[in-house]
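# Observations on the three-dimensional arrangement
Here is what each chain is made of, one letter per residue.
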Amino acid sequence: IGPKRAAYIIETIELFITFEEFCKDRKGFSSRIIPGFKKLMIDMKQMFRYVVDRQEGKGMNLVKFHLLDHIPQDCLDMGSPVNTSGGPGEANQKQNKAAGKRTQMNQGSFNIQQSIKVAESNSIRTAGLHAGVITNAFATDTSKITDHSLSSLNNDKEGVNN
């Protein structure tokens, strides 16, 4: 890359770092700064588009890139972006992803197959917790639970019924 492009890359990174610090220092956003905030987001997107220069696939026509347009209004509605996190929502998808991998990948019945696998996994996890085979209620790996390890649960039930 040439010196002009390198300088532009550094300027873009500095702008994004400055923007992040700006958002961290804010407890809330007033409606009077939103127009300037929207202009800043447009400038940041243009700089990022130039620096990244993505040519393959859809280019920069991506949902996550488009969602940057919503940041000013979201800040007005919900306050500083550092007060929110997408981490918990992403972490909750692990079980669904694992269940999806255990389906036949048939597009027409994928959703129902995935739902069945999630329900089966929840049942196995619950039985494993009651039998003392697993101790983490949020564990996504139930492969260590076997019929043998759950037999103690059946024995306990039989003792209660007799």
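The numbering scheme is per chain: residues are counted from 1 as the chain's sequence reads. Only residues with pLDDT of 70 or above have their local features reported here, since the model is predicted, and side-chain atom pairs are shown and tallied only from 80 upward, although totals for entire chains, interfaces and linings are computed over all residues. Only heavy atoms go into the side-chain values, all of them from the structure, while hydrogens and water stay out.

Moving on, we come to the packing of aromatic side chains. A ring pair, where both rings are aromatic, is described by two values, the distance of the centres and the angle of the planes. Each aromatic pair joins two rings of Phe, Tyr and Trp (for Trp, the six-membered one) with centres within 6.5 Å, and gets the label stacked for planes under 30 degrees apart, edge-to-face for over 60, and tilted for any other angle. This model, assessed by the stated rule, comprises 4 aromatic pairs. When the ring of Tyr-8 is compared with that of Tyr-50, the centres are 4.7 Å apart and the planes differ by 85°; the resulting orientation is edge-to-face. Of the two residues, Tyr-8 is situated in helix H1 (residues 3–25) and Tyr-50 in helix H2 (residues 34–52); the sequence distance between them amounts to 42 residues. Their ring planes at 55° and their centres at 5.9 Å tell us that Phe-16 and Phe-48 sit as a pair that is tilted. With a gap of 32 residues between them, Phe-16 in helix H1 and Phe-48 in helix H2 connect regions that are remote in the sequence. In this scheme, a residue with accessible area under 20% of its type's maximum is buried, one over 50% is exposed, and one in between is partly exposed, where area comes from a 1.4 Å probe on protein chains only. On the accessibility criterion, Phe-48 (31% relative accessible area) is partly exposed. Ring pairing ties together the aromatic residues Phe-16, Phe-48 and Phe-65, which thus form one cluster. For the cation-ring pair, Arg-5 lies above Tyr-50, with the distance from its terminal atom to the ring centre recorded as 5.0 Å. A run of DSSP states H or I qualifies as a helix once it reaches four residues; a run of E qualifies as a strand once it reaches two. Both are numbered from the N-terminal end. Geometrically, a charge over a ring is one whose NZ (Lys) or CZ (Arg) sits within 6 Å of the ring centre while staying within 35 degrees of the ring normal.

With that settled, consider unusual backbone geometry. Of note, the phi angle at Asp-53 is positive, near 50°, even though the residue is not glycine. Looking at the secondary structure, you find Asp-53 in the loop between H2 and helix H3 (63–66).

We now examine the nonpolar core. Most often, soluble globular proteins keep nonpolar side chains buried together rather than apart. Counting residues in hydrophobic clusters, the biggest one holds 10 residues: Phe-19, Cys-23, Phe-29, Ile-33, Ile-34, Phe-37, Met-41, Met-44, Ile-71 and Cys-75. Residue assignment for this core shows that the elements contributing at least two residues are H1, H2 and helix H4 (71–78). Setting aside residues no more than four positions away along its own chain, Phe-19 makes contact with Phe-37, Leu-40, Met-41, Met-44 and Ile-71. For our purposes a nonpolar core is just a set of buried Ala, Val, Leu, Ile, Met, Phe, Trp, Tyr and Cys residues, chained together by side-chain atoms within 4.5 Å. Contacts are assigned to residue pairs that have any heavy atoms within 4.5 Å of one another.

Moving on, we come to H2. What a helix is expected to span follows from its residue count: subtract one and scale by 1.5 Å. The end-to-end C-alpha separation of H2 is 26 Å, in line with the 27 Å expected for 19 residues at 1.5 Å each. Within H2, burial applies to Ile-34, Phe-37, Met-41, Met-44, Lys-45, Met-47 and Val-51. Down the axis of H2, the smallest arc covering the buried residues is 170°, so these residues share one side. Pointing more than 90 degrees away from the buried face of H2 are the exposed residues Pro-35 and Lys-39. After H2 finishes, the residue Asp-53 shows a positive phi value of roughly 50°. Arc definition: directions from the helix axis to the C-beta atoms.

A side-chain nitrogen of Lys or Arg and a carboxyl oxygen of Asp or Glu constitute a salt bridge if their distance falls within 4 Å. Under the criterion given, the structure shown has 3 salt bridges. Ionic pairing is found between Lys-45 and Asp-69, a salt bridge with its closest N-O pair at 2.8 Å. Here Lys-45 is found in helix H2, whereas its partner Asp-69 is found in the loop between H3 and H4, with 24 residues between them in sequence. For Lys-45, a relative accessible area of 12% gives the class buried. Residue classification places Asp-69 among the partly exposed positions, given a relative accessible area of 35%.

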